[in-house]
Amino acid sequence: DKAPLSKSLLLVLSAISILLTLLFQHYQKFFAYNLQAIKEDFQIWRLVCGRTICLDLKDTFCSSLLIYNFRIFERRYGSRKFSSFLLGVWMLSALFDLLLVEIAQYIFGITINSLPSGFLGPVFALFVPFYSSIPRVQVTQVLGHFSITNKSLVYILGLQLLTSGSYIWILALSGLISGICYNSSMLKVHRILCVPRWVAKIFSWTLEPVFSSAEPTNEVRVGMGATVDIQRQQRMELLDRQIMMSQVAQMRRQRQQQGGMINWNRLFPPLRHRHNANYQDHRPSEQGIPPPTEVSEEQVARLMEMGFSRGDALEALRASNNDLNVATNFLLQH
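Remember, predicted model here, so these are calculated numbers, not experimental data. (Residues numbered from 1 in each chain as written. Predicted model: local features only at pLDDT ≥ 70, side-chain atom pairs only at ≥ 80, totals over all residues. Heavy atoms only, no water.)

Topic: the overall build of the protein
Next, step 1: Each helix and strand counted, the protein has 19 helices and 4 strands in total.
Next, step 2: Across the 334 residues that make up the protein, the buried fraction comes to 41%.
Next, step 3: Counting only carbon and sulfur atoms, one obtains 60% of the accessible surface of the protein, whose full area is about 19300 Å². (Helix = DSSP H or I, 4+ residues; strand = E, 2+ residues; numbered from the N terminus. Buried < 20%, exposed > 50% of the residue type's maximum accessible area, 1.4 Å probe, protein only. Areas by Shrake-Rupley, 256 points an atom, 1.4 Å probe, with all protein chains shown as cover.)

See the structure below:
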């Protein structure tokens, strides 16, 4: 639901990959990511075909699962912004692929004539916003030392995809570099490499009705009466906003039972001590009050998208020194 682009990528690319592997194997040569043919014979079309369809079913399976998990970004940012990100990192990763191959040949003396085919550069680039913007919620611990979080399964899938081929590390590195460049506020790449609004409207009128799904109505709401551990386990399995919203609903119910106040002193005791010190003096001096921490409006907006009020988001970010993960974990647990 609300992710037609992710659904189309998952279905179309997977279907073409399966057909090429099982029925039309003699056409696979047109989708090979042959760098030698690109540089010597100027077959530029291979940059499109070779960097779109996977010829290995293992890569198809892993990349499809990752696209399914990364659909949260299309729901959060919208289809146009999500497609702009994919287009931008796809173009940048093509440039970095050729550059990294030349660097490997110059430094290590490795001659690379071809790379694994598929939509792998943008998939690896999506790990950049996944690492920086998705809150990390601990689920359990293994042997008392190794933490298992809601993001562990996605990282394991990425590691599996990374080890599936000999030179796939070049695609992974170029994808990560492309994702960092596109997300950088200094380079302003997102303002240059973006999908025009009129193109987005055309695809919205033509393709979105085909791949859009109706909002589920018969799905049982989960997590409203469950414990925190069960909610965390469900969120790791589903990785969806529905679980997060159910946790928010439980947190709000606990707040109402406590009189509508969040006990910030449970995690951030310095706040309570600072307020008590101020109330002891009926007229607190301005020198004794530390300057308020500047809060990023983007992080406040992300917390408000999860259902928290602006006041709670501001307090949590100020108390956690603008650490979005700490603020989110605290708001979900209290």
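Regarding the packing of aromatic side chains
Both the distance between ring centres and the angle between the ring planes are used here to describe each pair of aromatic rings.
Next, step 1: Taken as a whole and assessed by the stated rule, the structure comprises 11 aromatic pairs.
Next, step 2: Centre to centre, the rings of phenylalanine 24 and tyrosine 27 are 6.2 Å apart; their planes meet at 50°, and the pair counts as tilted.
Next, step 3: On the basis of relative accessible area, tyrosine 27 is assigned to the partly exposed category, the value being 41%.
Next, step 4: Each ring, one from phenylalanine 70 and one from phenylalanine 127, has its centre 5.2 Å from the other, and the planes form 85°; the classification is edge-to-face. Residue phenylalanine 70 is located in the loop between α4 (57-69) and α5 (71-77), and its partner phenylalanine 127 is located in helix α8 (residues 127-133); the two are separated by 57 residues in the primary sequence. With respect to burial, phenylalanine 70 and phenylalanine 127 carry one shared label: buried.
Next, step 5: Linked through ring pairs, Phe70, Phe73, Tyr77, Phe124, Phe127, Phe130 and Tyr155 together constitute an aromatic cluster. (Phe/Tyr/Trp six-rings, centres within 6.5 Å; stacked < 30°, edge-to-face > 60°.)

Concerning unusual backbone geometry
A negative phi angle characterises most non-glycine residues, just as the trans form characterises most peptide bonds.
Next, step 1: Despite not being glycine, phenylalanine 42 shows a phi value in the positive range, around 55°.
Next, step 2: Counting through the fold element by element, phenylalanine 42 comes out in the loop between α2 (35-40) and α3 (46-49).
Next, step 3: Residue phenylalanine 42 is classed as exposed on the basis of its relative accessible area, which comes to 65%.

Quick notes on the confidence of the model for the protein
Next, step 1: Here the protein shows a mean pLDDT of 77. Residues at 70 or above account for 73%.
Next, step 2: Confidence scores differ between elements of the protein, with helix α16 (residues 269-280) showing the lowest mean pLDDT of 43 and helix α7 (residues 120-125) the highest of 94.
Next, step 3: Scored below 50 in pLDDT, residues 218-230 shows 16 contacts in the model against residues more than four places distant or in partner chains.
Next, step 4: A low-confidence stretch, residues 260-290 stays under pLDDT 50, and its non-local contacts, those more than four residues away or across chains, total 27 contacts. (pLDDT = per-residue confidence, 0-100. Contact = heavy atoms within 4.5 Å.)

Side note on the packing of helix α1 (residues 4-22) against α4
Next, step 1: Direction vectors running N to C along α1 and α4 enclose 175°, while the axes themselves pass 10 Å from each other. One element, α1, and the other, α4, form an angle in the roughly antiparallel class. Of the residues in α4, those in contact with Ser6, Leu9, Leu10, Ser14, Ser17, Ile18 and Thr21 of α1 are Leu57, Thr60, Ser64, Ile67 and Tyr68.
Next, step 2: For the contact of α1 with α4, the per-class residue count stands at 6 nonpolar, 6 polar and no charged. (Axes fitted to C-alpha atoms, helices over the stretch in contact; angles between N-to-C directions. Parallel < 35°, antiparallel > 145°, perpendicular 65-115°, else oblique. Nonpolar A, V, L, I, M, F, W, Y, C, P; charged D, E, K, R; others polar.)

Digging into the packing of α1 against helix α6 (residues 79-108)
Next, step 1: It is at 9 Å that the axes of α1 and α6 come closest, and there the two elements cross at 45°. Put simply, α1 runs oblique to α6. In contact with Pro4, Leu5, Ser6 and Leu9 of α1, α6 contributes Ser79, Phe82, Ser83 and Leu86.

Some thoughts on α1
Next, step 1: Spanning 19 residues, α1 covers 27 Å between terminal C-alpha atoms, matching the ideal 27 Å at 1.5 Å per step.
Next, step 2: Within α1 the residues assigned to the buried category are Pro4, Ser6, Ser8, Leu9, Leu13, Ser14, Ser17, Leu20 and Thr21. (Expected span 1.5 Å × (residues − 1).)

Describing the side chain of serine 6
Next, step 1: Within the secondary structure, serine 6 is located in helix α1.
Next, step 2: Looking at serine 6, the relative accessible area reads 4%, which means it is buried.
Next, step 3: For serine 6, the side chain forms a polar contact with the side chain of glutamate 74, separated by 2.8 Å.
Next, step 4: What serine 6 contacts, discounting residues up to four positions off in sequence, is Ile67, Arg71, Glu74 and Phe82. (Polar contact = N/O pair within 3.5 Å; in protein donor to acceptor, adjacent residues only side chain to side chain.)

Some remarks on the pattern of salt bridges
Next, step 1: Under the definition given, this model contains 4 salt bridges.
Next, step 2: We note a salt bridge from aspartate 97 to arginine 51, for which the minimum N-O separation is 3.3 Å. Of the two residues, aspartate 97 is situated in helix α6 and arginine 51 in the loop between α3 and α4; the sequence distance between them amounts to 46 residues. (Salt bridge = Lys/Arg side-chain N within 4 Å of Asp/Glu carboxyl O.)

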